[in-house]
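Structural description and commentary
Next come the chains, spelled out residue by residue.
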There are 2 protein chains.
Amino acid sequence: MQQQTLADRITAKLETMIVEGVYKPGDRLPPERKLAEQLEVSRPSLRTALQTLAAKGILRSRQGGGHYVTDTLTRSVADPLVEMLSKHPETQDDVLEFRVLLEGTCAFYAAQRATEEDRKSLQEAFTLLEESMGTDQESQADLTFHLTIAEASHNIILLHTMRAIFSLLKHNIASNIGGIYNNQETSTQLLHQHRHIMETILAGQPEQARLAAEEHMVYVRETLSGEDRKQIRQLRAKRRTGLLEAI
Amino acid sequence: MQQQTLADRITAKLETMIVEGVYKPGDRLPPERKLAEQLEVSRPSLRTALQTLAAKGILRSRQGGGHYVTDTLTRSVADPLVEMLSKHPETQDDVLEFRVLLEGTCAFYAAQRATEEDRKSLQEAFTLLEESMGTDQESQADLTFHLTIAEASHNIILLHTMRAIFSLLKHNIASNIGGIYNNQETSTQLLHQHRHIMETILAGQPEQARLAAEEHMVYVRETLSGEDRKQIRQLRAKRRTGLLEAI
DNA sequence: TTGGTCAATTGGTAAGACCAATTATTTCAA
DNA sequence: TTGAAATAATTGGTCTTACCAATTGACCAA
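Residues numbered from 1 in each chain as written. Chains lettered and ligands numbered in written order. Predicted model: local features only at pLDDT ≥ 70, side-chain atom pairs only at ≥ 80, totals over all residues. Heavy atoms only, no water.

1. Some points on the overall build of chain A
What chain A contains, in helices and strands, is 10 helices and 2 strands. Across chain A, helices and strands are ordered from the amino to the carboxyl terminus as α-α-α-β-β-α-α-α-α-α-α-α. Taking all 247 residues of chain A together, 50% fall into the buried category. Once local pairs closer than 6 in sequence are excluded, the contacts in chain A between residues at least 24 apart make up 70%. (Helix = DSSP H or I, 4+ residues; strand = E, 2+ residues; numbered from the N terminus. Buried < 20%, exposed > 50% of the residue type's maximum accessible area, 1.4 Å probe, protein only. Contact = heavy atoms within 4.5 Å.)

2. Considering the nonpolar core
Leu14, Leu46, Ile149 and Ile201 of chain A together with Ile149 and Ile201 of chain B are the most contacted members of the largest nonpolar core, which has 102 residues in total. Beyond its immediate stretch of four places on either side in the chain, isoleucine 149 of chain A contacts Cys106, Ala107, Ala110, Leu122, Ile197 and Ile201 of chain A. Counting residues in hydrophobic clusters, the runner-up holds 16 residues, among them Leu29, Val41, Leu59 and Val69 of chain B. (Core = buried A, V, L, I, M, F, W, Y, C linked by side-chain atoms within 4.5 Å.)

3. Structural notes on the protein's contact with DNA strand D
If you check the shell around DNA strand D, you find 21 residues, and the closest are Glu32, Arg43 and Gly64 of chain A together with Leu6 and Ser45 of chain B. Near-protein atoms of DNA strand D (within 4 Å) split between backbone and bases, with sugar and phosphate holding 70%. Within the side chain of arginine 47 of chain A, a nitrogen or oxygen atom sits 3.0 Å from a phosphate oxygen of DNA strand D. In the model, a phosphate oxygen of DNA strand D is placed 2.6 Å from a nitrogen or oxygen of the leucine 6 of chain B main chain. When contributions to the surface near DNA strand D are tallied by element, the ones reaching two or more residues are α2 (32-39), α3 (43-55) and β2 (66-69) of chain A together with α1 (6-19) and α3 (43-55) of chain B. Looking at the surface near DNA strand D residue by residue, the classes come out as 4 nonpolar, 10 polar and 7 charged. (Near = heavy atom within 4 Å. Polar contact = N/O pair within 3.5 Å; in protein donor to acceptor, adjacent residues only side chain to side chain. Nonpolar A, V, L, I, M, F, W, Y, C, P; charged D, E, K, R; others polar.)

4. Topic: helix α2 (residues 32-39) of chain B
Residue and element names in this part refer to chain B. Among the residues making up α2, those that are buried are Glu32, Leu35 and Ala36. Take α2 and look down its axis: the buried residues cluster within an arc of 100°, on one side only. Across α2 from its buried face, at more than 90 degrees, point the exposed residues Arg33, Glu37 and Gln38. Glutamate 40 sits one or two positions beyond α2 and adopts a positive phi of about 60°. (Arc of directions from axis to C-beta.)

5. Quick word on the protein's contact with DNA strand C
Close to DNA strand C lie 23 residues, the nearest being Leu6 and Ser45 of chain A together with Glu32, Arg43 and Gly64 of chain B. Considering the 4 Å shell around the protein, atoms of DNA strand C inside it are sugar or phosphate in 67% of instances. The separation between a phosphate oxygen of DNA strand C and a polar side-chain atom of serine 45 of chain A is 2.4 Å. Looking at the surface near DNA strand C, the elements with two or more residues in it are α1 (6-19) and α3 of chain A together with α2, α3 and β2 (66-69) of chain B. In terms of residues, the surface near DNA strand C owes the most to one element, α3 of chain A, which gives 3 residues. Of the residues that constitute the surface near DNA strand C, the class distribution is 4 nonpolar, 10 polar and 9 charged.

6. A word on the pairing of β2 of chain A
All names here are of chain A. On β2, burial covers both faces: Gly66 and Tyr68 on one face and His67 and Val69 on the other are all buried. Here strand β1 (residues 59-62) pairs with β2 via 4 bridges, running antiparallel. Opposite arginine 62, over in β2, you have glycine 66 as the bridge partner. Once β1 ends, the chain turns through 3 residues before running back antiparallel as β2, passing glycine 64 with a positive phi of about 80°. (Pairing = 2+ DSSP bridges.)

Given below as structure tokens:
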């Protein structure tokens with residue numbers, strides 16, 4: 001059995017931090033000299049670990065510019081989904097249905113497990129959401145809010161699945177959430193729902209949080225598909241009138 | 001366009017030599033000091049290249065023992081998330097926890113939506129499970145049973161996610177399910193639970209099906225692990241605060 | 001011939017210095 | 001006041017030198 005080197009141990013530690021969401025896709029790692037100091041290792045040993053992660057595509061490194069976490073791990077889950085949804089656009093409602101389940105569970109565990117740090121992050125994310133109302137940042141702030149809840153659930157698989165789903169949304173493969181913010185009444189309603197989810201999580205009420213998140217997602221799902229139903233109804237009414245005239 | 005570093009160039013050169021057969025699978029590379037001399041580079045720069053190739057699995061390195069060419073070039077590349085998760089066994093409970101959620105929901109929708117064809121497939125899968133008791137096919141029949149339920153849910157995202165989870169299981173991420181079949185009492189209990197899940201689905205009782213599937217997964221989870229999961233979660237929450245521990 | 005010990009070899013770690021590229025800050029001109 | 005250019009600071013990349021840790025090979029005794 002091969003002995004584990006220091007560099008292997010550093011690599012494992014950095015991987016853990018990335019998998020657990022301490023560093024997210026797009027995040028920049030601390031400078032090498034600082035990180036080596038924090039981990040109490042020499043810079044060359046740290047560099048070995050960083051180079052290993054770069055070779056695997058998990059980090060991207062630029063001379064003088066820093067080391068960045070890539071979205072390689074998220075893509076490994078998301079890419080097959082993207083491909084499948086591209087071929088089968090009729091499954092978009094399956095995504096929303098899945099999200100009802102996923103968001104409810106994230107909120108449940110977040111209410112149980114959120115640390116002080118998580119609660120702070122959640123409040124900040126909500127504040128950002130409030131401040132983004134009416135701007136083109138609103139949908140992004142929405143995603144951030146939901147991802148913050150997933151992080152607070154402290155279940156890695158949930159977190160990565162959520163990231164993969166949001167990757168779909170960013171590709172506009174699944175119904176674009178951004179569209180529903182064009183209506184001010186809807187936007188305000190969504191904000192109330194987000195607040196309610198946050199409050200139930202902060203109050204440590206898992207079942208309430210689950211319910212709040214599920215109701216929110218059901219509302220989103222219905223809002224996104226609601227316009228279609230209206231049109232169909234109007235078409236039907238017109239056809240009925242036409243029949244009466246013919247008689 | 002990022003400038004190519006010296007280490008990148010050395011990596012490319014070594015890869016070329018391997019691809020062209022200068023060094024074949026099983027061959028040992030010259031010692032680092034000698035190879036650095038031949039390539040007219042410093043040893044640390046060469047080491048960067050060697051570590052990159054080791055990270056890709058093209059080389060295998062042993063302290064004091066040399067660098068050896070593997071036969072990786074002839075193999076397919078593993079999913080990066082699966083590979084990383086398999087190195088971090090502390091994530092296995094997250095997978096099991098996620099499975100409680102997933103299996104419960106699959107069973108719920110299967111009970112609502114199963115076609116005559118689905119019901120037939122489910123019964124066949126259960127029969128196969130019964131017939132596999134005591135054989136080495138038992139765990140495979142278990143997976144097949146659960147995938148059949150996912151198919152009957154008629155949500156393609158759920159199905160795809162279930163397949164991804166079983167891909168993790170195949171890598172022994174979540175403590176090989178096969179292991180729990182070694183105990184006859186457990187095996188019999190699992191069969192009763194599987195039967196109960198099937199019956200609730202066939203009877204079209206979504207909430208009962210959800211409960212049955214969740215209880216089954218909770219049983220599996222508890223059988224596979226003890227009280228370790230509490231500790232691990234607390235450790236993880238601590239890490240999230242950004243505090244870095246020494247390696 | 002086999003097993004143990006020691007020396008040599010080779011990969012791993014570290015400190016320190018310097019180079020190359022990027023980022024941030026300051027200065028200057030319009 | 002604003003924008004562009006120049007300069008300084010920061011940060012990743014390369015190198016030399018030294019030393020540690022693990023493996024391999026040579027040698028000797030039983």
